[in-house]
Amino acid sequence: MTAEKPATAPSPVVNTVCYRLHLFVAGDQPNSRLARENLEQICQNYLVGRCEIAQTDVLDDFQVALEMGIYVTPALVVMEPEPQVTIFGNLRDTEKVLEALGVGGTEDG
Amino acid sequence: MRGGTRTVHDNQRADGSPQHDRKTHLTAIDKIHTRIPGLDEVLHGGIPRGRATLISGGPGTGKTMLGLEVLYRAALNGEPGILVSFEESAEALRRNALSLGWDLTELEDAGKLRVLDGRIDPSAVRAGDFDIAGFLAILGGQSAAMGAQCVVIDAIDGLLRVFASLRQERDQLELLHRWLIEHELASILTIKSPNSDSNSYDFLDYMVDCVIKLDQRVTGQISTRRLRVVKYRGSNFERNEYPFAMTPTGIRLVPISGIELVHEASEDVFSVGNSAIDRLLGGGFFRASSILISGASGTGKTSIASGVARAACERGEKVLYVQFEESSPTMVARMLSPGIDLRPAIEAGLLLIDAVIPEAMGVEEHLIRVLGIVEDYAPDMVVVDAITAASRMSTSEAAYDFLVRLINACRRQGITVLLTHQAQEITDRTSVGAMGLSSLLDTVIILSYEEEAETLHRSILVLKSRGMSHSLKRHRFEITDAGIRVTDREGDMQDRGEGGRS
């Protein structure tokens, strides 16, 4: 969760928004497993090289969930870019996830 | 009156220790005292320990405050608890609580209470299935960390809203309920209901062990909150509907229990402050009894009641005089005319005149206010002048309620109750029914005007003086500047009262 942000200078490079994501799961419950797999897929397909993911298992560490107000899981919090967005669910609905991320429907990168 | 005095079990943890022994009592359920005045009496001890209680009601009925107050009082008593708010922000709750003088932050710092802001981000996107595992993890982690025994979830519909179908909501509720029981956590779930008889999640009523419904009704432009326990698995409870009020210090119920209770009659007789009237009564008034003085306007009710009050104060007793008809200065000044100077008693702190306008508030607020003063001031006698004004608070039915509950509460505490009642007609001697209270009254005195030779004379009749051999005759009396003087028309009774100086 404290992963370093790549040192991208504020350069006028187009279409290289960096994503900082925080995934909340509950152990190995089916939806949590699915969420991990789906997020991995999405990152591979759409966000290669420009996304960092922190992960919290609420069963191990409820404190982070408490602080961030995550009461339903799985949940993906898009920390950056602003504004912060929360996505509930196992991320099966790729369209909706991409829409929330502000990523166009087509593959890029 | 005080909460938590009656309980059907005795394996209560007195010191908040985390363990309790369930096995020693197989028949009675273990309960957590709510410590809300009156509510533990209705619940026969409190809410079920380790089980779920549902509070349902419309907006503004006091669900949140009820849940919060149970937690707050438990926390003060050293039993930690958690409130998860899905409606208001934690900050707003803390602020509301502070207006009642409850410092939640202090208890939170002491690790006895935790208010969690569980509000779900309304802009959150749904992409696939999810569940309340995060909530359970937070609840489990937090309750283990502080040794919490009780959680309040306010309002559960605020959490359920995030799910797309009623089926999912139901599944999640069942999951939550099972989890709470497995973790031996007592819970209070609040839920909004459009009316007092239903909520959107009716199955919750079947699921939980205890169901409390709140509602708020307006009659005669005065609103009254009511509470009813509709279900309590494994325990008996009071089944009536009980009015309650949000007082400056919290919720307060006055259960109408024990109307049929036979109050222990006191043997102790005291003087009414006038030897002639004492004689008519057969001795005086019994302590902790209830007395009614009925009569038309101007017949001398307040004079006699003030005389009784002053005599009590002269014995060093404390009197609360609830005055519905006039202001305290007016009454004090007016009583100087029949020679009853109340000022020394007031200055000595033995007489408290509480002048209040009946229309100022509803019956519940009136009752709760008066009982609050009774509790703080601890009088030996309460005078209500005149009970007829109670009808102006709301309906006559509500007035009856008010009086019955006031009389019962006073008698339970050994306080004498003296009521005056304003009869409609100046020669009216029959309105003794006095709003249907007669069975509760030990002594009834009727004042009236008698017309004789085109002159009106005041007359006094002791209609009832339970346990005493009293005069059965009507006697004539005068109000002089030296007090009340009883004269007998047949001349067989020549007693002279001395205006309360006996």
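Please read these numbers as outputs of a predicted model, since none were measured by experiment.

### Observations regarding the overall build of chain A
Tallying secondary structure elements over chain A gives three helices and four strands in all. Counting from the amino terminus, helix and strand elements in chain A follow one another as β-α-β-α-β-β-α. Across the 109 residues of chain A, 34% fall into the buried class. Considering only intrachain contacts with a sequence separation of at least 6, the fraction spanning at least 24 residues in chain A is 66%.

### Let's talk about the interface of chain A and chain B
With 29 residues of chain A at the interface, the matching set in chain B holds 23 residues. Secondary structure elements with two or more residues in the side of chain A that touches chain B: α2 (62-68), β4 (85-88) and α3 (94-101) of chain A. Residue composition of the side of chain A that touches chain B, by class: 18 nonpolar, eight polar and three charged. The pairing of β4 of chain A with strand β6 (residues 125-126) of chain B spans two bridges and is parallel.

### Considering the sheet that holds strand β3 (residues 75-80) of chain A
Across the sheet, which stays open at both edges, the five strands sit in the order β2(A)-β1(A)-β3(A)-β4(A)-β6(B) with mixed pairing between neighbours. With partners counted over all chains shown, the strands left at the sheet margins are β2 (51-57) of chain A together with β6 of chain B, one partner each. Relative to strand β1 (residues 19-25) of chain A, helix α1 (residues 30-46) of chain A is tilted by about 165°, and along the sheet it contacts β1, β2 and β3 of chain A. The strands that α3 of chain A touches are β1, β3 and β4 of chain A together with β6 of chain B; relative to β4 of chain A, the one it contacts most, it runs at about 170°.

### What about the environment of T299 of chain B?
Residues and elements named next belong to chain B. Note on placement: T299 falls in the loop between β15 (290-295) and α10 (301-314). In this structure the C-alpha to C-alpha distance between T299 and R458, which are 159 residues apart in sequence, comes to 6.5 Å. The contact partners of T299, leaving out residues within four places of it in the chain, are L447, S448, Y449 and R458.

### Brief notes about α3 of chain A
Those residues of α3 of chain A that sit buried are V97, A100 and L101 of chain A. On an axial view of α3 of chain A, the arc spanned by its buried residues comes to 100°, and they lie on one face. Buried residues in α3 of chain A make contact with β1, α1, β3 and β4 of chain A together with β6 of chain B. Backbone geometry just after α3 of chain A places G102 of chain A at a positive phi near 75°.

### Considering the sheet that holds strand β23 (residues 483-487) of chain B
Residue and element names in this part refer to chain B. Taken together, the nine strands give an open sheet; going across it, the order is β17-β16-β18-β19-β15-β20-β21-β22-β23, and neighbouring strands pair in mixed fashion. Looking at the sheet topology across the chains shown, the edges are occupied by β17 (351-355) and β23. Adjacent strand axes in the sheet meet at a mean angle of 25°, parallel and antiparallel pairs treated alike. Taken together, the four bridges between strand β21 (residues 455-465) and strand β22 (residues 474-480) define a ladder with antiparallel strand orientation. Paired with I460 across the bridge in β22 is H475.

### Points about the confidence of the model for chain B
All names here are of chain B. Taken over all residues, the pLDDT of chain B has a mean of 83, while the share at 70 or more is 83%. Looking at the elements of chain B, mean pLDDT is at its lowest for helix α14 (residues 396-412), recorded as 79, and at its highest for strand β4 (residues 81-85), recorded as 97. Predicted confidence for residues 1-26 stays below pLDDT 50, and this span has 43 contacts to residues more than four positions away or in other chains. A low-confidence stretch, residues 490-502 (pLDDT under 50), is modelled with 37 contacts involving residues beyond four sequence positions or located in other chains.

Rules used throughout
- Residues numbered from 1 in each chain as written.
- Chains lettered and ligands numbered in written order.
- Predicted model: local features only at pLDDT ≥ 70, side-chain atom pairs only at ≥ 80, totals over all residues.
- Helix = DSSP H or I, 4+ residues; strand = E, 2+ residues; numbered from the N terminus.
- Buried ≥ 20, exposed ≤ 12 C-beta atoms within 10 Å, placed from the backbone.
- Contact = placed C-beta atoms within 7 Å.
- Nonpolar A, V, L, I, M, F, W, Y, C, P; charged D, E, K, R; others polar.
- Pairing = 2+ DSSP bridges.
- Axes fitted to C-alpha atoms, helices over the stretch in contact; angles between N-to-C directions.
- Arc of directions from axis to C-beta.
- pLDDT = per-residue confidence, 0-100.

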